[in-house]
Amino acid sequence: MKNLIILAALCAAFTAQAAEATPQAALDQFLKFELDGGRLHNDTEGYYEQVHLVDGWKTDALNCDGARCKATVTFTYTPTAKLDMEQAVPHPTGGTAQVEYVVQQKGGQWQVEAGKDTPHVSRVALEKMLKEGL
């Protein structure tokens, strides 16, 4: 828990999302940010105590209607049954889940609507951050 709080404090310094020229670029940039642990701190809710550990993901095609697009991302969760990591949302046998992301055009740039849901973080990224003593 302590490691996650310290990690979240460091990640809070990152910009949550950058405006991009295309909806796909905005989604790709946001997913990179989230999977690298960039959403471990939520300004309105405080620190997240747990994250969904992810081994893989696949993005479906964006479905756009004017200045609003939706995309479904299928996450493959890390099996947590043998992990000694209280920061991980339990997914004992792994599994998959689909999460919908909304991308909107604002001022000529595309941005992902960041939700208040539990962050999805790459298992590799989280293990690296914890190993480095964060």
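Read on for an overview of the structure.

1. What about the nonpolar core?
- One finds L27, L31, L62, F75, Y101, V103 and V112 to be the most contacted residues of the largest nonpolar core, which totals 17 residues.
- Mapped by element, the contributors of at least two residues to this core are α2 (23–35), β5 (68–77), β6 (96–106) and β7 (109–112).
- Beyond its immediate stretch of four places on either side in the chain, L31 contacts T59, V73, F75 and Y101.
- Counting 7 residues, the second largest nonpolar core, distinct from the first, contains L53, M85, A88 and L126.

2. Side note on helix α3 (residues 123–131)
- Taken together, the buried positions of α3 are A125, L126 and M129. Along the axis of α3, the buried residues cluster in a sector spanning 95°; they form a single face. Seen from the open side of α3, the exposed residues pointing more than 90 degrees away from its buried face are V124, K128 and K131.

Rules used in this analysis
- Residues numbered from 1 in each chain as written.
- Predicted model: local features only at pLDDT ≥ 70, side-chain atom pairs only at ≥ 80, totals over all residues.
- Heavy atoms only, no water.
- Core = buried A, V, L, I, M, F, W, Y, C linked by side-chain atoms within 4.5 Å.
- Buried < 20%, exposed > 50% of the residue type's maximum accessible area, 1.4 Å probe, protein only.
- Helix = DSSP H or I, 4+ residues; strand = E, 2+ residues; numbered from the N terminus.
- Contact = heavy atoms within 4.5 Å.
- Arc of directions from axis to C-beta.

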